[in-house]
Amino acid sequence: MPLFRRILVANRGEIALRVIRTAQEMGIETVAVFSDADRMALHVRKANFAAHLGGSTPAESYLDADKVLAAAKEFECDALHPGYGFLSENAAFSRACAEAGVEFLGPSGDAISSMGDKVAARNIALKAGVPLVPGLQDDVDEDHLVTAASEVGYPVMLKAAAGGGGKGIRIVEDESGLIEAFRMARAEAKGAFGDDRVYLEKFVVEPRHVEIQIMADKHGNVVHYGERECSVQRRHQKLVEESPCVVLTPELREEMGKAACDLAREVGYVGAGTVEFLYSRGAFYFLEMNTRLQVEHPITEERYGVDLVREMIRVGAGERVNQPGEPRGHSIEVRINAEDPTNFFPSLGVIKRLGLPGGPGVRLDSAMFRGLEVTPFYDSMLGKLIVHGDDRNQAIARMRRALQELRIVGVATSLPVALRALESEPFTSGNYDTSILTTITSENNEYHLVASLAGALARFLAAERVGAASAAHAEEGGDRAPAWAQLGRRDRLWRATR
Amino acid sequence: MPLFRRILVANRGEIALRVIRTAQEMGIETVAVFSDADRMALHVRKANFAAHLGGSTPAESYLDADKVLAAAKEFECDALHPGYGFLSENAAFSRACAEAGVEFLGPSGDAISSMGDKVAARNIALKAGVPLVPGLQDDVDEDHLVTAASEVGYPVMLKAAAGGGGKGIRIVEDESGLIEAFRMARAEAKGAFGDDRVYLEKFVVEPRHVEIQIMADKHGNVVHYGERECSVQRRHQKLVEESPCVVLTPELREEMGKAACDLAREVGYVGAGTVEFLYSRGAFYFLEMNTRLQVEHPITEERYGVDLVREMIRVGAGERVNQPGEPRGHSIEVRINAEDPTNFFPSLGVIKRLGLPGGPGVRLDSAMFRGLEVTPFYDSMLGKLIVHGDDRNQAIARMRRALQELRIVGVATSLPVALRALESEPFTSGNYDTSILTTITSENNEYHLVASLAGALARFLAAERVGAASAAHAEEGGDRAPAWAQLGRRDRLWRATR
Amino acid sequence: MKYEAKLGDKVRVFEFKWDDELLIATSGDHVAALDVSLVGDGEALSLLVDGQSFDIVTDVQGQDVTVQVRGERYEVHVVDERERAAAEVAGNKASGKRELRAAMPGIVVDVKVAVGDVVEEGQTLVVLEAMKMQNPLAAEGPGKVTKVAVAAGEAVAAGALLAEIE
Amino acid sequence: MKYEAKLGDKVRVFEFKWDDELLIATSGDHVAALDVSLVGDGEALSLLVDGQSFDIVTDVQGQDVTVQVRGERYEVHVVDERERAAAEVAGNKASGKRELRAAMPGIVVDVKVAVGDVVEEGQTLVVLEAMKMQNPLAAEGPGKVTKVAVAAGEAVAAGALLAEIE
């Protein structure tokens, strides 16, 4: 007996396909939902059933809670998987599912809303004993300044309470400049915002983004599967993730894991979740909790030999969470975004050709297919390439190899940027932080000559084909379709070396 | 510093690509060799260098030891990987490589020739204490018959010494019928072959093909990585392999592993090897040793988290073999043969479309690409689909899911047969032997209606396109190429549901 | 236009009509509204019927359509009304021509006859190597060779015409 | 025919000639014999040069060729001799036409002008939403709108023509 009869997958793209794959393996039927733009999408084709939501914008389709829930009822689903994004962190939607008798495969509405509110989340973290970035939540006065600063530890940051977007921030390295900086910060804040309140916070140097994957069941058990290092980011968008994090000690890993589990217990969490931390020089500080499955979950799966979607379904059905086994080796993920690698602008178009990597230790979670039209309506992420190796060096070499095998023609992707990051000294040495991508800009010029040659050659061969086609056309009195002549010409090229 | 500077890969197809991938990950350059028919093959395109051997038959190319070795010298290779088949078990070639100063990534010529000769291999096994199918190597006489039969254990097989191809064989279930059967066998043998000698051997009931993967270094260390169960065969060709074997106890696994290592030690083995056994009701008997990497090696890699090609290269370079870690989960491989699934005839043609599976626990080792021409010159195996799961049930479900995702258009494949085998009761229960495929013949008829509908629909849509194309052609006065009109028509179909 | 689809022993008749954006399929008493999408350049045929989703791959070669559905592969023979009528007329004509075709793909090792040769029943015409075995292919009846379609050394596909005898 | 390939700042000139089964490429003093194979329907371009193997993917869009080599991606601008000559002639003619093109792909949110409107420099012609931000696109100079190529709600690719002013 399957744990559920039928799951509605309230998402699109690679994550919808990810959920469908596991459900299929568990003998559970799936219902896809789709917008007008996604009629041909893989998640629609691979599900057992498909419900048309209409429209092409997210608001008209995947974000429309009423339409999605109506589909779940129409198709008599007993569970719903929200994926990530869209309705996955919508507390009201989680509650609506519960009321409709459809098991929401994620936390309760209350858990989602506590963690979704920054102040509430911070307070819960305090209560659960999870470290926060040290600082004062209230306005500082000059009398307490020196004591407070030495308590949080240098360097410290002085932030205008009314500021934003990096304005009104001053970094102070040690006590000598503190008072003067404070006075200037007050004056600047007054001038810029008409409000002279200034907060004091520890300045986190060389910050690394490290997060803990947890899973909680309905019986109060919470387990964690170690960490993921996600510091390779541009504009706060992760591009490359790895596990384990090279700088974490086993002790620190256990501390962070325990903190993440304590936090989840504090809010009566159920399902998969991720607790994000800033790591800096042996210390870690709570950032936020993502109350859903994350994009980068596969690197955890590869190391622990666990299927996290399967665990989500199991705990949703009331089963007890399995104890994680021993992790093995090293895993890396690279996101495949439809973006121009030179400026990160979205790249739209149709995937005309697709060559996929294979071999040992390579996994592709993707919704790409030949003929896919990349539209401006949704996120630019087309999928993820994941590798696993015995150790970090093998994993890096494997990812480089797999990236060289993967070919996408028709839209530009961010893959060359990921490849350069993987080949950079900061990454290979492991000594990097969230600023790593700003240091990597230039393309690899090793193949400039061969690329120029190939470019010229491609135009030469195209002209040859057209020439051959016109000749054939003329010979045949224009009756013959050019396609055939092209084929004949290509045939000659194909056999050029025989 | 890489372990070798440059490896010649003396093979083609998926195994050549397999070796290239690992070498690339190890920072070692590769040289592909190719026949006329393989100019466009993936192994030629993915290697750093490519040497043309000429010809299209194996004898003119991949089997021509002189040409292959000349290429290794021309490209200044310091090592050579033979893959499987072709020159991989050619003792003279192994010796020639050694003489030429090219490290042959496999055993010495002597080890290959001892194991390649059935009688020699049997004697080495005896010496190493590896169990053989019990029986008498010489003619039995009636006086010793009863004692001998009870020693080897019933049922026993009486074989005419001069017989062959199953002729002159009698199975005796217990002592009561022994003498009579023996006399009849003698008389029959005399009549049929003019030679009345009869041998006695244990009749192996419900035989399962179970093999042990070993790896040996140049320092006398031999390790094993457990077993593979390869009983799903047709005409002695393996189609589906799994690891672990469901009927093996941990004790038996250790016994078989030890036997395999002892055998390898006995011949001073170096590199990867497989010792094949017949398993029957708690006992195992030596069949033969394959002195090379085998097709089905990836299921061992998936369970042990080891890259066997990497280990081969390491031990070839004189490094010590790593101790295998703890195995994890269950792995299954399905071979992708270009064969008509109804009669196993080879299927030739061009791969016109290709859809590859993905997601968790799925690996594809294949040399397929869109445009690949499957020729009659080589083996029909195009690649292998490999899955890994927590347990056997998950692995089976995953393989079924992956098989449903994999699409090959242009040649027929054996995949539907593998799918039916995986769904059969003998396989799912684990209670099967080498006869399993004879019990599975009929195709799944669940989708007969939808397949008929799709067949009719495909022709209807094709006719619509041609109709639209002719109409466009007529309207435009015949000037316009049909291709454009088809596109216009398809465009309407694409948008049919918007 | 009606289409007869034969799969195994069973023949099913389908008729299709566009109704705005849906395709109405009729087969006997059954009527279904199909939401049909051709994906890419014939990569797949996506069918939504009654909420159910089928991702199908079809390959049309004349009247033979290979259909792949959920890992299974079906050979469906499809004729339309006109072809059926034409076949019935043709079926009534007697033909004295015999074709020798390759039962499996292979390489032609030897061609034993030439156009104009008179051959007896059972006489070897062509030797085909397939699956590492040599297969002599013989005349099914006596006659005169009117066509030799292959030469030694050539690779042939299953079903390829090798020779004709009249 | 000579081809000028521009990649980054560097321009390289190539000339190709078939020599039986090889393609002879000349660039300045360098001559190379290329063993070229087009794989499948343009899936890949396999080059063997001096024993080295390059598996390349090219995508030709007019004079712009996207080249993928070992995971890197290059935009190469290629003109042949004739195109170069034509461009030189055209460069000498003054053109009064200004084109407004999309700098990035997006959705047209608003079109503020119609054909025939007289506009001033800096006047907003079209509003484009891209990456969740609205970008007003303005006239580069004064003139009369001669063409409006898009309508509100339409998705446009990078470089797409939006409007023309003369």
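All of the points below concern the structure found in this document. Computed from a prediction, not measured in an experiment: that's the story for all the values here.

## A word on the overall build of chain C
For step 1, the next point in the chain: What chain C contains, in helices and strands, is one helix and 16 strands.
For step 2, the next point in the chain: Compactness check: chain C gives a C-alpha radius of gyration of 22 Å against a globular reference of 15 Å for 166 residues, more than 25% above the reference.
For step 3, the next point in the chain: Along the first, second and third principal axes, the C-alpha set of chain C runs to 60 × 40 × 25 Å.
For step 4, the next point in the chain: Averaging the positions of the 17 positive and the 30 negative side-chain charges in chain C gives two centres separated by 6 Å.

## Notes on the overall build of chain A
For step 1, the next point in the chain: The helix and strand inventory of chain A stands at 16 helices and 20 strands.
For step 2, the next point in the chain: The proportion of buried residues among the 498 residues of chain A is 60%.
For step 3, the next point in the chain: The contacts of chain A with a sequence gap of at least 6 include a subset with a gap of at least 24, amounting to 65%.
For step 4, the next point in the chain: Carbon and sulfur atoms make up 49% of the accessible area of chain A, which amounts to about 18600 Å² in all.
For step 5, the next point in the chain: Positive and negative side-chain charges in chain A, numbering 58 and 70 respectively, have mean positions lying 7 Å apart.

## Looking at the interface of chain A and chain D
For step 1, the next point in the chain: Residue-level contacts link 52 residues of chain A with 55 residues of chain D.
For step 2, the next point in the chain: For the pair chain A and chain D, the summed buried surface comes to about 4800 Å²; carbon and sulfur atoms form 62% of the total.
For step 3, the next point in the chain: Contact with chain D buries area across many residues of chain A, yet A:Arg407, A:Tyr447 and A:Arg459 alone supply 15% of it, more than any other trio.
For step 4, the next point in the chain: Between chain A and chain D we count five salt bridges in total.
For step 5, the next point in the chain: Our count for the contact surface shared by chain A and chain D stands at 12 residue pairs in polar contact (both at pLDDT 80 or more).
For step 6, the next point in the chain: If you list the elements that add at least two residues to the side of chain A that touches chain D, you get β16 (353-355), α12 (392-405), β20 (407-409), α13 (415-423), α15 (448-475) and α16 (482-494) of chain A.

## Some remarks on the packing of helix α5 (residues 109-116) of chain B against helix α6 (residues 118-127) of chain B
Helix-helix packing is described using two parameters, namely the angle between the two axes and the distance between the axes.
Residue and element names in this part refer to chain B.
For step 1, the next point in the chain: For the pair α5 and α6, the least separation of the axes is 5 Å and the interaxial angle reads 100°. The angle between the axes of α5 and α6 places the two elements in the roughly perpendicular class. In contact with Ser-114, Met-115 and Gly-116 of α5, α6 contributes Lys-118, Ala-120, Ala-121 and Ile-124.
For step 2, the next point in the chain: The residue makeup of the contact of α5 with α6, split by class, is four nonpolar, two polar and one charged.

## Concerning the packing of aromatic side chains
For step 1, the next point in the chain: Tallied over the entire structure, the rule returns 24 aromatic pairs over all chains.
For step 2, the next point in the chain: Aromatic side chains B:Tyr62 and B:Tyr378 sit 5.7 Å apart centroid to centroid with 75° between the ring planes, which places their arrangement in the edge-to-face category. On the criterion of sequence distance, the pair formed by B:Tyr62 in the loop between β3 (49-52) and α3 (65-74) and B:Tyr378 in the loop between β18 (373-374) and β19 (381-389) is long-range, its members being 316 residues apart.
For step 3, the next point in the chain: B:Tyr62 gets classed as buried once you look at its relative accessible area, which sits at 1%.
For step 4, the next point in the chain: One aromatic cluster is present, formed by A:Tyr62, A:Phe86, A:Phe377 and A:Tyr378 through successive ring pairs.
For step 5, the next point in the chain: The ring of B:Phe369 has B:Arg45 lying over it, and the distance from NZ or CZ to the ring centre is 4.8 Å.
For step 6, the next point in the chain: Above the plane of the ring of B:Tyr432 lies B:Arg208, whose end atom (NZ or CZ) is 4.7 Å from the centre.

## Some remarks on the packing of helix α3 (residues 65-74) of chain A against helix α4 (residues 91-99) of chain A
All names here are of chain A.
For step 1, the next point in the chain: The geometry of α3 relative to α4 is characterised by a closest axis approach of 11 Å and an angle of 25° between their N-to-C directions. Between α3 and α4, the angle is such that the two are roughly parallel. Between α3 and α4 lies a crossing of right-handed hand. Across the interface between the two elements, Ala-65, Val-68 and Leu-69 of α3 pack against Phe-93, Ala-96 and Cys-97 of α4.
For step 2, the next point in the chain: Residue classes in the contact of α3 with α4 are distributed as six nonpolar, no polar and no charged.

## Overview of the pattern of salt bridges
Residues and elements named next belong to chain A.
For step 1, the next point in the chain: Scanning the entire structure with this criterion turns up 101 salt bridges over all chains.
For step 2, the next point in the chain: In this structure, Glu-206 engages Arg-281 in a salt bridge whose closest nitrogen and oxygen atoms are separated by 3.4 Å. Taken as a pair, Glu-206 in the loop between β8 (198-202) and β9 (208-216) and Arg-281 in the loop between β12 (271-280) and β13 (283-290) lie far apart in primary sequence, 75 residues in all.
For step 3, the next point in the chain: Arg-281 sits in the exposed class, given a relative accessible area of 62%.
For step 4, the next point in the chain: Its salt-bridge partner being Glu-311, residue Arg-314 comes within 3.0 Å of it at the nearest N-O pair. With Arg-314 and Glu-311 both in helix α11 (residues 308-316), this residue pair falls three residues apart, about one helical turn.

## Regarding the environment of A:Val306
All names here are of chain A.
For step 1, the next point in the chain: Inspection of the secondary structure assignment puts Val-306 in the loop between α10 (297-304) and α11.
For step 2, the next point in the chain: Residues Val-306 and Phe-182 lie 124 residues apart in sequence; the distance between their C-alpha atoms is 51 Å.
For step 3, the next point in the chain: If we skip the residues at most four places from it in the chain, Val-306 touches Tyr-225, Thr-300, Glu-301 and Glu-311.

## Concerning the sheet that holds strand β14 (residues 330-337) of chain A
To summarise the sheet geometry, strands pair through backbone hydrogen bonds and adopt either a parallel or an antiparallel arrangement.
All names here are of chain A.
For step 1, the next point in the chain: Read from one edge to the other, the open sheet built from eight strands follows the order β13-β12-β9-β10-β11-β14-β19-β17, with strand pairing classed as antiparallel. The open sheet has two edge strands with one neighbour each: β13 and β17 (362-366). Adjacent strand axes in the sheet meet at a mean angle of 25°, parallel and antiparallel pairs treated alike.
For step 2, the next point in the chain: One ladder, built from five bridges, connects β17 with strand β19 (residues 381-389); its direction is antiparallel. Of the residues in β19, the one forming a bridge with Asp-365 is Lys-384.
For step 3, the next point in the chain: On the sheet, α11 packs against β9, β10 (222-234) and β12 and is oriented at approximately 40° with respect to β9.

## Side note on the nonpolar core
Residues and elements named next belong to chain A.
For step 1, the next point in the chain: Leu-8, Val-68, Leu-80, Phe-93, Met-215, Tyr-225 and Ile-313 are the most contacted members of the largest nonpolar core, which has 59 residues in total.
For step 2, the next point in the chain: Each of domain 1 (6-105) and domain 3 (208-447) accounts for three or more of the residues forming this core.
For step 3, the next point in the chain: Listed in part, the 43 residues of the second largest apolar core include Leu-17, Ile-351, Leu-385 and Val-417.

## Considering the interface of chain C and chain B
For step 1, the next point in the chain: Tallying the contact residues gives 55 residues for chain C and 52 residues for chain B.
For step 2, the next point in the chain: Where chain C touches chain B, the interface holds five salt bridges.
For step 3, the next point in the chain: Here chain C is connected to chain B by 12 residue pairs in polar contact (both at pLDDT 80 or more).
For step 4, the next point in the chain: In terms of residues, the side of chain C that touches chain B owes the most to one element, strand β6 (residues 52-61) of chain C, which gives eight residues.
For step 5, the next point in the chain: Broken down by class, the residue content of the side of chain C that touches chain B amounts to 32 nonpolar, 10 polar and 13 charged.

## Considering the sheet that holds strand β9 (residues 98-101) of chain C
All names here are of chain C.
For step 1, the next point in the chain: The antiparallel open sheet is built from four strands, whose spatial order is β9-β16-β14-β11. The strands lining the two open edges of the sheet, one partner per strand, are β9 and β11 (118-119).
For step 2, the next point in the chain: In the sheet, β9 pairs with strand β16 (residues 161-165) via four bridges, with the strands oriented antiparallel. By the bridge assignment for β16, Leu-100 is matched with Ala-163.

Calculation notes
Residues numbered from 1 in each chain as written. Chains lettered and ligands numbered in written order. Predicted model: local features only at pLDDT ≥ 70, side-chain atom pairs only at ≥ 80, totals over all residues. Heavy atoms only, no water. Helix = DSSP H or I, 4+ residues; strand = E, 2+ residues; numbered from the N terminus. Rg over C-alpha atoms; globule rule 2.2 N^0.38 Å. Lys, Arg positive; Asp, Glu negative; His and termini not counted. Charge placed at Lys NZ, Arg CZ, Asp CG, Glu CD. Buried < 20%, exposed > 50% of the residue type's maximum accessible area, 1.4 Å probe, protein only. Contact = heavy atoms within 4.5 Å. Areas by Shrake-Rupley, 256 points an atom, 1.4 Å probe, with all protein chains shown as cover. Buried area = accessible area lost by both parts, 1.4 Å probe. Salt bridge = Lys/Arg side-chain N within 4 Å of Asp/Glu carboxyl O. Polar contact = N/O pair within 3.5 Å; in protein donor to acceptor, adjacent residues only side chain to side chain. Axes fitted to C-alpha atoms, helices over the stretch in contact; angles between N-to-C directions. Parallel < 35°, antiparallel > 145°, perpendicular 65-115°, else oblique. Nonpolar A, V, L, I, M, F, W, Y, C, P; charged D, E, K, R; others polar. Phe/Tyr/Trp six-rings, centres within 6.5 Å; stacked < 30°, edge-to-face > 60°. Lys NZ or Arg CZ within 6 Å of the ring centre and 35° of its normal. Left-handed = near helix turned anticlockwise from the far one by under 90°. Pairing = 2+ DSSP bridges. Core = buried A, V, L, I, M, F, W, Y, C linked by side-chain atoms within 4.5 Å. Domains from an automatic or database assignment.

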